[in-house]
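# Per-entry structural report
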Amino acid sequence: NAGVTQTPKFQVLKTGQSMTLQCAQDMNHNSMYWYRQDPGMGLRLIYYSASEGTTDKGEVPNGYNVSRLNKREFSLRLESAAPSQTSVYFCASSSRLSTDTQYFGPGTRLTVL
Amino acid sequence: QKEVEQNSGPLSVPEGAIASLNCTYSDRGSQSFFWYRQYSGKSPELIMFIYSNGDKEDGRFTAQLNKASQYVSLLIRDSQPSDSATYLCAVNAKGGTSYGKLTFGQGTILTVHP
């Protein structure tokens, strides 16, 4: 039981490049989330998926797209990376989109030059 | 006004003391309250959650909730150097566009010195 896994762990991009961050969970959770964490800003929600087949914008969705590939997997895509997207990205999952605890993956540290 | 506010610290306490971490929130409809601990370079991990007014104890940790004052706190008794981390307060709104989504505070850095 690995919980929530993320790939890659580290990534360096040049401005304008694209990439996809992968996330998978093996807890049979319905809801999945993508956050970014910047110094002094706490965790901010980018996108979330309440259940398989649905996705919704969070607090800071601009510049990102997501895909809920199946119940286990939720990917985050940067189409044209910008230096402002330099951050640590966390994927999380929970049983339901309500009061349930969210479990976090190990994170991806992304640098955009 | 931020939706969830924490004193960023750092909060420094001696080993064996009680560490008190505070959090205020602005949405009166908030229903669920979480405390996460995050070690440097690691992901957040849940310490406690609380839904009802009053105190909830789990080992050395006590969460306190006062919905009338829109205030939630975390007490750590017998603090240990291994408790040194950033503590994140998170609030889950009841309804509207924020339903089901956690809003995090910026975190309080706690240092426990021997």
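For the structure, check the block above.
Once a new chain begins, its residue numbering starts again from 1 and follows that chain's sequence as written. Working convention: letters from A go to chains and numbers from 1 go to ligands, in the order in which they are written. Where totals are concerned, whole chains, interfaces and linings use all residues; where local detail is concerned, this predicted model gives features only for residues with pLDDT of at least 70, and gives and counts side-chain atom pairs only at 80 or more. Side-chain figures throughout are based on the complete set of non-hydrogen atoms in the structure, without hydrogens or water.

### Side note on the interface of chain B and chain A
The contact rule is simple, with two residues in contact once any of their heavy atoms fall within 4.5 Å. At the junction of the two partners, chain B supplies 21 residues and chain A supplies 21 residues. The term buried area denotes the loss of accessible surface (1.4 Å probe radius) that occurs when two parts are joined, taken as the sum for both partners. Regarding the contact of chain B and chain A, the summed buried area is about 1600 Å², with carbon and sulfur atoms giving 54% of it. Think of a polar contact as two N or O atoms within 3.5 Å of one another; within protein, one of them needs to be a possible hydrogen donor and the other a possible acceptor, and neighboring residues in sequence only count if both atoms come from side chains. Our enumeration of links across chain B and chain A arrives at three residue pairs in polar contact (both at pLDDT 80 or more). By definition, any uninterrupted DSSP run of H or I lasting at least four residues is a helix, any uninterrupted run of E lasting at least two residues is a strand, and each is numbered from the N terminus. Of all the secondary structure elements, the ones that give two or more residues to the side of chain B that touches chain A are β4 (32–38), β5 (45–50), β9 (85–92) and β10 (102–104) of chain B.

### Considerations on the sheet that holds strand β7 (residues 64–68) of chain A
Residue and element names in this part refer to chain A. Strand pairing requires that DSSP identify at least two bridges connecting the strands. The sheet built from four strands is open, its strands ordered β1-β3-β8-β7 with antiparallel pairing. Each edge of the open sheet carries a strand with a single partner, namely β1 (4–7) and β7. Looking at each pair of strands side by side, their axes are set apart by 20° on average, direction ignored. The sheet contact formed by β1 and strand β3 (residues 19–25) spans four bridges and is antiparallel. Within the sheet, the bridge partner assigned to valine 4 lies in β3 and is glutamine 25. The axes used here are C-alpha line fits, helices contributing only the stretch in contact, and every angle between their N-to-C directions lies in the interval 0 to 180 degrees.

### Overview of the nonpolar core
Take the buried residues of types Ala, Val, Leu, Ile, Met, Phe, Trp, Tyr and Cys, join any two whose side-chain atoms come within 4.5 Å, and each joined set is a nonpolar core. Residue exposure (1.4 Å probe, protein chains only): buried if accessible area is under 20% of the type maximum, exposed if over 50%, otherwise partly exposed. Counting residues in each nonpolar core, the largest one holds 23 residues, and the members touching the most others are B:Trp35, B:Val72, B:Leu74, B:Ile76 and B:Tyr87. When contributions to this core are tallied by element, the ones reaching two or more residues are β3 (19–25), β4, β5, β7 (61–66), β8 (71–76), β9 and β11 (108–113) of chain B. Setting aside residues no more than four positions away along its own chain, B:Leu74 makes contact with B:Ala19, B:Ser20, B:Leu21, B:Trp35, B:Ile47, B:Met48, B:Phe61, B:Thr62, B:Ala63 and B:Tyr87. With 20 residues, the next largest nonpolar core counts A:Met19, A:Cys23, A:Leu78 and A:Leu110 among its residues.

### Section: the pairing of β3(B)
All names here are of chain B. Here β3 shows a clear split, with Ala19, Leu21, Cys23 and Tyr25 buried on one side and none of Ser20, Asn22 and Thr24 buried on the other. Looking at chain direction, strand β1 (residues 4–6) and β3 are connected through three bridges and run antiparallel. By the bridge assignment for β3, glutamine 6 is matched with cysteine 23. In this structure, β3 lies alongside β8, joined through six bridges in antiparallel fashion.

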